[in-house]
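Results of the structural survey
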Amino acid sequence: MPRRKGKPMLRVERVAKTFENGLAALQPVSFHVGQGEIVGLLGTSGSGKSTLLRIIGGLHHASAGQVLVGRLPVRAPRLEIGLVFQEPRLMPWLTVEENVRFGLYRLSKDEQAALAREALNKVGLLHFAAVYPRQLSGGMAQRVAIARALVTRPSLLLLDEPFSALDAFTRLQLQEHLLKTWEYDRPTMLFVTHDIEEALALSDRVVVLRGHPGRVDSDFALDDLTRPRKRTDAGFQAWKARILDRLDLSLDI
Amino acid sequence: MAEADANIEPAVALDADAVSTPRISRRRWRGLRGLILPVLLLAIWESLSRFGVVPVNLLPAPSLVLWTLWNLAAAGHLAVHIGITLERVALGFLAGAAAATLLGALTGYSARWREVLDPTLQSLRAIPSIAWVPLFVLWLGIFEASKIALIALGAFFPVYLELMSGIEHVDRKLVEVGRMYGMSGATLVRRVLLPATLPYYLVGLRGGLGLGWMFVIAAELMGASSGLGYLLVEGQETSRPAVIIASILLFAIFGKLTDLALERLGRRFLGWQDSFRAAQERQADAPR
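When helices and strands are counted, chain A shows seven helices and 10 strands. Against the globule reference of 18 Å for 253 residues, chain A gives a C-alpha radius of gyration of 18 Å, in line with a compact fold. Considering only C-alpha atoms, chain A reaches an extent of 50 × 45 × 35 Å along its principal axes. Counting only residues that meet the buried cut, chain A has 48% of its 253 residues in that class. Relative to all contacts within chain A whose residues are 6 or more apart in sequence, the contacts with residues 24 or more apart total 71%.

This is the structure in structure tokens:
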């Protein structure tokens with residue numbers, strides 16, 4: 001198993017999932033993610049990546065195995081776990097600032113406002129605090145969703161193909177934004193993607209899921225890729241070729 | 001960060017300067033368009049009566065109806081009739097809408113409560129309103145309580161149905177966001193389900209208020225000594241068509257005004273909507 005940064009923060013232990021209709025989404029899957037580590041969960045369509053992320057987030061129950069965040073098993077959503085969905089999922093009746101404050105409802109209004117404004121500042125959208133989601137572009141809306149996920153200071157941030165619905169240029173910008181934002185608190189980050197370059201640009205490690213139902217096929221530590229990473233570098237391209245080889249669809253038949 | 005912002009423009013131009021003088025006058029003018037048809041109809045009606053095309057003892061001219069209203073107002077009767085009808089509609093509507101909000105939220109949120117309550121409520125909905133009158137009179141007497149109960153019953157069902165159906169159709173993905181932040185039960189209802197349902201809820205409230213106005217006539221016909229419904233009956237019993245038409249016009253005017261108030265309230269709370277109508281209005285308000 002590749003080397004992890006720090007002590008394990010997330011442990012996925014023989015997690016399997018079969019839905020009520022009998023559809024098997026995951027074979028027993030195990031891996032650990034270290035404190036402050038960024039792990040990309042890469043896989044072909046239908047390999048159970050999103051299902052696994054939702055189990056880790058507490059939105060689905062595993063049919064077998066367990067997920068531990070810190071020392072506690074995850075049985076339901078917890079505030080220390082932030083989740084950014086594929087779509088921004090902003091509440092359309094709330095302004096940008098109110099959306100960022102959405103998860104802070106247990107705090108006083110003053111604390112909510114201060115934290116929300118700080119989070120908006122980090123994603124560069126402070127001056128859009130008073131507008132409604134309908135007035136934002138797709139990229140801006142997703143940045144608000146990232147601010148909303150980070151404002152509660154989660155120790156584990158999960159991202160489910162957060163940039164897949166965006167155009168290539170905005171996607172590159174937001175990847176940079178995400179890394180800059182991550183620098184502030186450095187939460188442990190696990191993100192699902194089907195974009196190999198995105199996985200290589202952001203991750204310390206790439207876990208590849210394959211098959212139907214999905215299983216962990218390989219786990220690559222990208223220790224030799226220094227940051228900031230250039231997509232045109234020979235090392236980057238070599239990793240891309242290596243992972244493409246692993247994802248060879250003919251092997252799934 | 002600022003550089004990135006410069007590259008990512010809002011999908012829709014911000015309308016910070018949405019309220020400006022020319023836009024307000026355009027909006028007022030659009031509101032006045034709704035008066036064109038009634039004024040035209042009144043003019044035709046007045047002409048037909050004046051030239052004897054329709055018998056005045058069956059359809060008195062609008063001017064005569066206005067004169068009757070003026071006399072009723074001068075004698076001090078009109079304000080009493082309007083006041084008591086408005087009070088009945090307001091109390092009945094508030095009671096009906098409050099009960100519907102509570103039960104609609106409960107059955108919309110909880111499948112278990114929906115299974116228990118909804119079949120019974122749906123069968124009660126099928127009973128014609130007039131069938132309740134003898135029972136309400138028997139239970140609550142012929143005074144105010146039975147009238148308000150009947151109006152509340154009328155207002156209840158549109159609000160209940162719209163709210164329950166609205167909650168059932170709330171985007172599952174938004175509910176998941178609420179769940180990610182540990183929301184459930186009343187917190188989830190208050191912070192996600194009710195706001196998401198607001199467009200449906202306001203349609204229900206407007207429908208409920210409309211039925212409240214219909215039911216107040218039934219309530220006042222069943223034995224009242226005041227109110228616009230009473231005035232209607234009095235006009236019939238004393239063979240004064242001008243009084244009957246005046247009462248009907250007052251129902252129309254106050255029904256429309258209260259509906260307009262709810263619609264305005266709705267617009268205030270639904271400014272966030274990205275709907276076809278909202279886009280039409282923004283386009284109409286935009287400077288040319």
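Grouped together as the largest cluster of nonpolar side chains are 116 residues, with contacts concentrated most on L41, I56, V144 and A147 of chain A together with I151 of chain B. Look past the residues within four positions of I56 of chain A in its chain and what remains in contact with it is L10, V12, V67, V74, L158 and L190 of chain A. Formed by nine residues, the second largest nonpolar core is a distinct cluster that contains L232, A242, I244 and I245 of chain B.

The subject of this paragraph is unusual backbone geometry. Residue and element names in this part refer to chain A. With an omega of -5°, the peptide bond between H212 and P213 qualifies as cis. With respect to the secondary-structure elements, P213 resides in the loop between strand 9 (205-210) and strand 10 (215-221). The residue after R227, namely P228, is reached through a cis peptide bond having omega -5°. The phi dihedral of R14 falls on the positive side, at around 45°, and the residue is not glycine. Topologically, R14 is positioned in strand 1 (residues 8-18). Even without a glycine there, the phi angle at E161 is positive, about 40°. The residue E161 is located in the loop between strand 7 (156-160) and helix 5 (168-185) in this model.

A separate point is the pairing of strand 6 (residues 81-84) of chain A. Residue and element names in this part refer to chain A. What you see with strand 6 is no split at all: I81 and L83 on one side and G82 and V84 on the other are buried throughout. Across four bridges, strand 6 lies against strand 7 in parallel orientation. Residue pairing across strands places G82 opposite L157, the latter belonging to strand 7.

Summing up the model confidence of chain A, the mean pLDDT is 89 and the portion of residues at 70 or higher is 96%. Here helix 5 of chain A stands out as the element of chain A with the lowest mean pLDDT, 83, in contrast to helix 2 (residues 96-101) of chain A, whose mean of 97 is the highest.

This paragraph deals with the sheet that holds strand 2 (residues 24-34) of chain A. Residue and element names in this part refer to chain A. Pairing in this open sheet of four strands is antiparallel, and the strands run 2-1-4-5 from one edge to the other. Since the sheet does not close on itself, it has two edges, and those belong to strand 2 and strand 5 (72-73), each with one partner. Strand direction decides the pairing type here: strand 4 (residues 64-69) and strand 5, joined by two bridges, are antiparallel. By the bridge assignment, V69 is partnered in strand 5 with L72. Most of the contacts of helix 1 (residues 49-57) go to strand 1, to which it runs at about 120°, and overall it touches strand 1, strand 2 and strand 4.

For helix 7 (residues 129-140) of chain B, with 12 residues, the first-to-last C-alpha span of 16 Å sits near the 16 Å given by 1.5 Å per residue. Once helix 7 of chain B finishes, G141 of chain B follows within two positions and takes phi at roughly 85°, a positive value.

Right, let's talk about the sheet that holds strand 6 of chain A for a bit. All names here are of chain A. Strand order in the open sheet formed by six strands is 6-7-8-3-9-10, and the pairing between neighbours is mixed. A single partner strand is all that each edge strand has here, and the edge strands are strand 6 and strand 10. In this sheet, neighbouring strand axes are inclined to one another by 20° on average, regardless of whether the strands run parallel or antiparallel. Across five bridges, strand 7 lies against strand 8 (residues 188-193) in parallel orientation. When the sheet's bridge partners are listed, L156 is paired in strand 8 with T188. Helix-sheet contacts for helix 1 involve strand 3 (38-43), strand 6, strand 7, strand 8 and strand 9, and the interaxial angle to strand 7 is about 150°.

This part covers the packing of helix 4 (residues 138-150) of chain A against helix 5 of chain A. Residues and elements named next belong to chain A. Contact geometry for helix 4 and helix 5: axes closest at 11 Å, N-to-C directions at 20°. Comparing the axis directions of helix 4 and helix 5 gives the class roughly parallel. The handedness of the crossing between helix 4 and helix 5 comes out as right-handed. Residues G138, G139, Q142, R143, I146 and L150 of helix 4 form the contact with helix 5, whose own contacting residues are T170, Q173, L174, H177, L178 and T181. Here the contact of helix 4 with helix 5 is built from residues that sort into four nonpolar, seven polar and one charged.

Conventions used here
Residues numbered from 1 in each chain as written. Chains lettered and ligands numbered in written order. Predicted model: local features only at pLDDT ≥ 70, side-chain atom pairs only at ≥ 80, totals over all residues. Helix = DSSP H or I, 4+ residues; strand = E, 2+ residues; numbered from the N terminus. Rg over C-alpha atoms; globule rule 2.2 N^0.38 Å. Buried ≥ 20, exposed ≤ 12 C-beta atoms within 10 Å, placed from the backbone. Contact = placed C-beta atoms within 7 Å. Core = buried A, V, L, I, M, F, W, Y, C linked by C-beta atoms within 7 Å. Pairing = 2+ DSSP bridges. pLDDT = per-residue confidence, 0-100. Axes fitted to C-alpha atoms, helices over the stretch in contact; angles between N-to-C directions. Expected span 1.5 Å × (residues − 1). Parallel < 35°, antiparallel > 145°, perpendicular 65-115°, else oblique. Left-handed = near helix turned anticlockwise from the far one by under 90°. Nonpolar A, V, L, I, M, F, W, Y, C, P; charged D, E, K, R; others polar.

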